[in-house]
Structure formats: structure tokens, C-alpha cells
Amino acid sequence: MQLLKFIQQPWHWSVSGLLIGLTVPVLLLLGNKAFGISSSLRHICAACFPADITFFKYDWKKESWNLFFVGGIVIGGFLAGHFLQDGNDIQVAAATQERLANYGVHDYSALLPPEIFSWSNLFTWKGGIFFVLGGFLVGFGTRYAGGCTSGHSIMGLSNLQWPSLVATCCFMAGGFFSANLLIPYFFKWFN
Amino acid sequence: MKNIKFLVAGIFFGIVLVKAQVISWFRIQEMFQLTSFHMYGVIGTAVVTGIISLQLIKRFNMKTIAGEPISVTPKKFDKGQIFGGLIFGLGWAITGACPGPLFAQIGTGFTVVGITLLSAIAGTWVYGAVQSRLPH
């Protein structure tokens, strides 16, 4: 039980980073697989809606390990979310809390703010922006970039690939623009 | 059956994503508002760990557990890394998630993120449909 209590605390960034980084050699040693998660979205398209598009005409079953891996992430998320949390509020920087208060976000009891991420917002502007538009940009952008944070920023940088460094810098640039210019305006205009 | 080990690896990875709080929309806002070191620490440590691991695998010519050789395909540059990267970045800050965390967020009980995931799949599909008309 001591051990469980220990695990239930939020983990330090160095421990977290070490374990995430170790995913790279683990997947290589388990079966020569390159760490990368956004490919799973392509495999889902290829498996379910190929629609005669060249980009989805390949043997996705050969890459099915990737679908098992993301299925595992859902299960892991469930286990950690239900059994490995200490029940305390998430500690967020005061300056960010101040800005989020302007957005009407005050609930820090979970990893995501329920004021935004709840079913009741699905058919409001929040659902349109945070679920539909945001998700579309993630899916379109990662495939266009040929990878996401895992494939480029972790796997690609680990293998010292300069195209992955370019991609990572662009991820960050887009994120800075979005978080500091777009999101505040969304709340100003629509809220 | 050979895929079960990847399911197990995914379970561990999902647990780590939640405990690292990198699936938190709050942590992503902090990262892009430069108000916390947390995300930079996590990603930086992960990259350093990955670099050292790959160097060891290459130096000692390590094999997979089935005895097969390990090879990593190099990434080729194209303009997609710039345009696509910027587009993904916009979505990353909005959703507070890259593709991996989307799956973990759903697992923790934010089932509405399933809509985000469906939209991400739609985005991938649209990219596939218009790929030949985009600058690369």
C-alpha cells in the first residue's frame, strides 16, 4: 500500500521523461518498431474508409501492432485515471490560472477542465472549436508533417534527424500562436 | 498473439502519459504560455533518454527479442514538416493533446474526447484525399 501511495503522487518530470524516452528502445527491442502514434489514425482510415484513395491503399494489417499499442494506451489511461490518482487538484502555475479564469475555467479537479471538455458542450462553440476543429487540425497536421510529438519530437530527435527538428519547431510555433492569440480570442468572441 | 506485447507496452505507456500529466490540457497551456518548466523537462528528458538508448542499440548492434536486426528509417525532409507541423501545433494547443494523449484522455474518462479523435481521423482522411494537391 505504501508503494501504491508512492505511485499515486504526480510524477516528477525527470521520471516521466525517462519512462517516455524508454518507449523508443522498448518498441525497437520488442519487434523493430519505430515509436510513432499518429500513424494509427492512418491505419484506422485504411482499415475502415479507404475509399480508393492511394494514400490508404497499403497493407495496414502489417502495421496492426500500432493499433494494439494505442488500444493499450486507452486501457492504461483508464487504469491510471481510476486507480493511480491521489485525488488532489492539479497544481497549475498561478499566471496560467489567472488567464484561465478569464476563460471561465476554475475547476482543477481533473487533468482536463470539465468547463470545456464535457458532453454538454458538444453542440456549442466550445465543442465546435475544442473537439471538432482541434481534432481535425491534429489529424490533418500530423499526417501532413509525417508524424507527431512521438514520431518526430521523440523518435526522430532521438535518431538525430534534422527534419524532425524542423517539424518540432513548427509544432511549437503553431502551439504558441494558438495558445496566446487564437484561444484568448475564441473566448473573447464567442463566450 | 505476437501483438499482445505491444498492447502491454501501450498499457504501460498510457499509465506513464497520465502520471506525467502530459495529457493535461492545463500542462499544455502552461507550456505554451511559458509559465511552467514541466513539459519542457519531460520532453527534454525523453529525447536525451531516446538518444542514449539508440546510440547503445547501434553501438552494440543489438537485436530484437526474436533475434532480428534493428534498423531505424531516416526521416526525409519535405515542406509538409513545416506546413503540417504548424497546423498540428495549432490543434495541439486547442485540444491539449497530440494523438497519443487523445487515446489516454478517453481512457481516463473524458469520453467526449472520442469526438476529437473522430475528427482527427477525419483530418487524416482529408489529408489522404488531397495529398497530391498540397505542397510537399
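The structure displayed is predicted, hence computed values, not measured ones.

1. What to know about the UniProt feature "transmembrane region" (unreviewed entry) in chain A
Residues and elements named next belong to chain A.
Moving on, step 1. Taken from the UniProt record, the annotation "transmembrane region" (unreviewed entry) applies to residues 12–30, 65–84, 123–145 and 165–187.
Moving on, step 2. Taken as a whole, residues 123–145 contains 91% helix and 0% strand, while its terminal C-alpha atoms sit 30 Å from one another.
Moving on, step 3. End C-alpha atoms of residues 165–187 are separated by 32 Å, and the span's content is 100% helix alongside 0% strand.

2. Let's talk about the interface of chain B and chain A
Moving on, step 1. At the interface, 107 residues of chain B touch 125 residues of chain A.
Moving on, step 2. Between chain B and chain A lies a buried interface of about 10100 Å² when both sides are counted; carbon and sulfur atoms form 78% of it.
Moving on, step 3. Our enumeration of links across chain B and chain A arrives at 32 residue pairs in polar contact (both at pLDDT 80 or more).
Moving on, step 4. Looking at side-chain class alone, the side of chain B that touches chain A contains 61 nonpolar, 37 polar and 9 charged residues.

3. Digging into the UniProt feature "transmembrane region" (unreviewed entry) in chain B
Moving on, step 1. The sites that carry the UniProt feature "transmembrane region" (unreviewed entry) are, in the present numbering, residues 36–57, 82–104 and 110–130 of chain B.
Moving on, step 2. This span, residues 36–57 of chain B, is 91% helix and 0% strand, and a straight line between its end C-alpha atoms measures 33 Å.

4. Side note on the side chain of S53(B)
Moving on, step 1. Along the chain, S53(B) falls in helix α3 (residues 38–59).
Moving on, step 2. Taking relative accessible area as the criterion, S53(B) reaches 10% and is therefore assigned buried.
Moving on, step 3. One polar contact links the side chain of S53(B) to the main-chain carbonyl oxygen of T49(B), over a distance of 2.6 Å.
Moving on, step 4. Leaving out residues up to four positions away in the same chain, S53(B) has contacts with L22(A) and P25(A).

5. Some points on the environment of D107(A)
Moving on, step 1. In this structure, D107(A) sits in the loop between α5 (94–102) and α6 (125–145).
Moving on, step 2. Measuring from C-alpha to C-alpha, the distance between D107(A) and D89(A) comes to 8.5 Å, with 18 residues separating the pair along the chain.
Moving on, step 3. With residues up to four places along the chain from it excluded, the contact list for D107(A) reads P113(A), P114(A), E115(A) and F26(B).
Moving on, step 4. A polar side-chain atom of D107(A) sits 2.6 Å from a polar atom in the side chain of S109(A).

6. Concerning the domain arrangement of chain A
All names here are of chain A.
Moving on, step 1. Here chain A is described as being made up of domain 1 (1–85) and domain 2 (118–191).
Moving on, step 2. Averaged C-alpha coordinates put domain 1 and domain 2 at centres separated by 19 Å.
Moving on, step 3. Contacts between the two partners involve 12 residues from domain 1 and, on the opposite side, 10 residues from domain 2.
Moving on, step 4. It is V24, F35 and S38 in domain 1 that bury the most area against domain 2; as a group they hold 53% of the surface buried on that side.
Moving on, step 5. Counting every contact that joins domain 1 to domain 2 gives 0 salt bridges.
Moving on, step 6. Those elements giving two or more residues to the side of domain 1 that touches domain 2 turn out to be α2 (13–31) and α3 (39–48).

7. A look at the packing of α3(A) against helix α4 (residues 64–83) of chain A
All names here are of chain A.
Moving on, step 1. Viewed as axis vectors pointing N to C, α3 and α4 meet at an angle of 115 degrees, and their least axial separation amounts to 9 Å. Relative to α4, α3 is oriented so that their crossing is left-handed. Taken together, the residues of α4 that come into contact with α3 (itself represented by S39, S40, H43 and I44) are N66, L67 and V70.
Moving on, step 2. Counted by class, the contact of α3 with α4 contains 3 nonpolar, 4 polar and no charged residues.

8. So, the layout of surface pockets
Moving on, step 1. Of the voids in this model, the largest pocket is the one considered here, and its volume is about 830 Å³.
Moving on, step 2. Around the largest pocket, the lining comprises 36 residues; the ones closest to its centre are A34(A), S39(A), R143(A), G146(A) and K75(B).
Moving on, step 3. Mapped onto the lining of the largest pocket, the elements with two or more residues apiece are α3, α4, α6 and α7 (149–158) of chain A.
Moving on, step 4. Within the lining of the largest pocket, the residues separate by chemical class into 12 nonpolar, 17 polar and 7 charged.
Moving on, step 5. Mapped onto the domain boundaries, the lining of the largest pocket takes at least three residues apiece from domain 1 (1–85) and domain 2 (118–191) of chain A.
Moving on, step 6. Put simply, the second largest pocket is a space of about 410 Å³.
Moving on, step 7. Together, 22 residues line the second largest pocket, and Q85(A), N88(A), S109(A), L111(A) and Q21(B) are the ones closest to its centre.
Moving on, step 8. Of the residues belonging to the lining of the second largest pocket, the class tally is 7 nonpolar, 11 polar and 4 charged.

9. Topic: helix α2 (residues 25–33) of chain B
Moving on, step 1. Among the 9 residues in α2(B), 9 count as buried, and that is most of the element.
Moving on, step 2. Buried residues belonging to α2(B) abut α5, α6 and α8 (162–190) of chain A together with α3 and α4 (80–95) of chain B.
Moving on, step 3. A distance of 3.1 Å separates the backbone nitrogen of F26(B) from a side-chain oxygen at the start of α2(B), and that oxygen is part of S24(B).
Moving on, step 4. Taken from the residues just after α2(B), L34(B) is the one with a positive phi, measuring 55 degrees.

Each value, and the rule that gives it
Residues numbered from 1 in each chain as written. Chains lettered and ligands numbered in written order. Predicted model: local features only at pLDDT ≥ 70, side-chain atom pairs only at ≥ 80, totals over all residues. Heavy atoms only, no water. UniProt positions renumbered as here; feature names shortened; annotations may be inferred. Helix = DSSP H or I, 4+ residues; strand = E, 2+ residues; numbered from the N terminus. Contact = heavy atoms within 4.5 Å. Buried area = accessible area lost by both parts, 1.4 Å probe. Polar contact = N/O pair within 3.5 Å; in protein donor to acceptor, adjacent residues only side chain to side chain. Nonpolar A, V, L, I, M, F, W, Y, C, P; charged D, E, K, R; others polar. Buried < 20%, exposed > 50% of the residue type's maximum accessible area, 1.4 Å probe, protein only. Domains from an automatic or database assignment. Salt bridge = Lys/Arg side-chain N within 4 Å of Asp/Glu carboxyl O. Axes fitted to C-alpha atoms, helices over the stretch in contact; angles between N-to-C directions. Left-handed = near helix turned anticlockwise from the far one by under 90°. 1 Å grid on protein atoms, 1.4 Å probe; cavity = no way out; pocket = protein on both sides within 12 Å on 5 of 7 lines; lining within 4 Å. Points joined across faces, edges and corners; volume = space filled by probe spheres on them.

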